[in-house]
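Fold and geometry: a report
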Amino acid sequence: MRKFLVLSALSVAIAANAQYGTFDKKAIAAAKGSSTIVLRDAGDSPFNSELMNAVKANWKFTSSTDFGSITDLVTAPLDPTKTYLVKVRKTDAEKHAATFLALVQGWKMKKGEQLTVEDNALTNLPPEQELASIMIDAKLLDNGGSAMLNVYVKNLQDYLKQVETGKITDKATADRLYAGRNRLIKDMELWVAKDQLDKSLPDLAAIKATYTHEVKLMDLSQLMAAASKGQPGVCVADVVITGEYKTKWCFRRVFNASTGELMYQRDEAALYDKKMGFIQDDFRVLEQSR
C-alpha cells in the first residue's frame, strides 16, 4: 500500500492544519490518472446538489468522474485504481473533531477491513490514503452555505497542483505559500458576512479602523453568490467553529472566490464564546502584509 505523508488537522499542537494533505508529488501524479468517485450524502440535501454542480463545473484534476453515495463505502470494497471525493470526520487524542471534504486514494482493503460512516462522513480513513482535504462546516453547507463547495472543490485542486509542482513539500512550505498570498487580498475586494465577525467587531467601521483596503460587510447569501459563480476580483471570508465548551476552536480563512486559492488562514481557541469569528487582529495582519 502506497504510503502518503499527511498531517492531522486537529491537534492543538498543529492547530493550523485546516487544509493540507500529502506532500508526495509522485502520489499526486499517480492519482491524476485515476477516475474520481464523488460520494454524496445518503438522501437528498443541499450539499448533494451543490457538490454535483461544483464537480461538474470545476473538477479538472482527473479526466473522469462518477457519482455514488457515502453508503457505498460500507457495502463494497474500495477500488485501488480510483480516487474518492468524500466527507471525512477526524478526531484527535484531545477530543477535537471536525469534518473535512477530502480526496482519498483508494486502496486494496485487507480481509475483514471495514469502513465506518457516521453522519454522512467516513470516520476511520487510514491517514496515509488522504491526498488533500479542507475543513468544512457540514451543517452550514446544508443551511445556506452550500455554494462554498464550488470554492472548496477548486481549493483541493490548487493544493494538489502546488504539491505536484514542488511548491509545497512540507507544512512549512505550505504555510509560507499561504502567508505569501495575504498581501494579494489588498488588491481585491474582501467580502465578509456579518455572522462571520466576532462580537468584538460590531460593524464595518470597526474593521476599517484597522484595514484600509476594499472590504464589504454583507449577508451570507451575497458571499454565496460570489462563491457560486466564482466572481473574479473577490475574496470571500469563511469561518468554521469546531468543538464544544472546553474544546471549541475557531478556524478563519479567506479564499479567492474565482480560483479557490487559500489566501489567509488563522485559528485559535474560542472558549467562552470569545473569538467566534474574524477579530481585529486578522485585519491587522492583512493590512501589514507585504
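Use the structure listed above.
Summarised in this report is the structure supplied together with it. Please read these numbers as outputs of a predicted model, since none were measured by experiment.

1. Some thoughts on the pairing of strand β7 (residues 130–136)
β7 sits mainly inside the fold: seven of its seven residues count as buried. Bridge count for strand β4 (residues 97–105) against β7 is six bridges, and the pairing is antiparallel. Looking at β7, one finds that Val 104 is bridged to Glu 130.

2. Details of the pairing of β4
Counting buried positions along β4 yields nine of nine residues, so the element is predominantly enclosed. A two-sided burial pattern is seen for β4, the buried positions comprising Ala 97, Thr 99, Leu 101, Leu 103 and Gln 105 on one face and Ala 98, Phe 100, Ala 102 and Val 104 on the other. One ladder, built from nine bridges, connects strand β3 (residues 82–91) with β4; its direction is antiparallel. Along β4, the bridge assignment pairs Thr 83 with Gln 105.

3. Brief notes about the packing of aromatic side chains
One pass over the structure, following the stated rule, counts five aromatic pairs. For the ring pair Trp 59 and Phe 61, a centre distance of 6.2 Å and an interplane angle of 75 degrees mean the geometry is edge-to-face. Its relative accessible area of 10% is what places Phe 61 among the buried residues. Relative to Phe 255, the ring of Tyr 152 lies with its centre 5.9 Å away and its plane at 75 degrees, an arrangement referred to as edge-to-face. Remark: Phe 255 occurs in strand β11 (residues 249–256) and Tyr 152 occurs in helix α4 (residues 148–164); sequence separation between them is 103 residues. Using a relative accessible area of 2% as the deciding quantity, one classes Tyr 152 as buried. According to the relative accessible area criterion, Phe 255 is buried, its value standing at 0%. Ring pairing ties together the aromatic residues Tyr 211, Phe 278 and Phe 283, which thus form one cluster. Here Lys 87 stacks its cationic end above the ring of Phe 47, 4.3 Å away from the centre of that ring.

Reading the values: rules and limits
- Residues numbered from 1 in each chain as written.
- Predicted model: local features only at pLDDT ≥ 70, side-chain atom pairs only at ≥ 80, totals over all residues.
- Heavy atoms only, no water.
- Buried < 20%, exposed > 50% of the residue type's maximum accessible area, 1.4 Å probe, protein only.
- Helix = DSSP H or I, 4+ residues; strand = E, 2+ residues; numbered from the N terminus.
- Pairing = 2+ DSSP bridges.
- Phe/Tyr/Trp six-rings, centres within 6.5 Å; stacked < 30°, edge-to-face > 60°.
- Lys NZ or Arg CZ within 6 Å of the ring centre and 35° of its normal.

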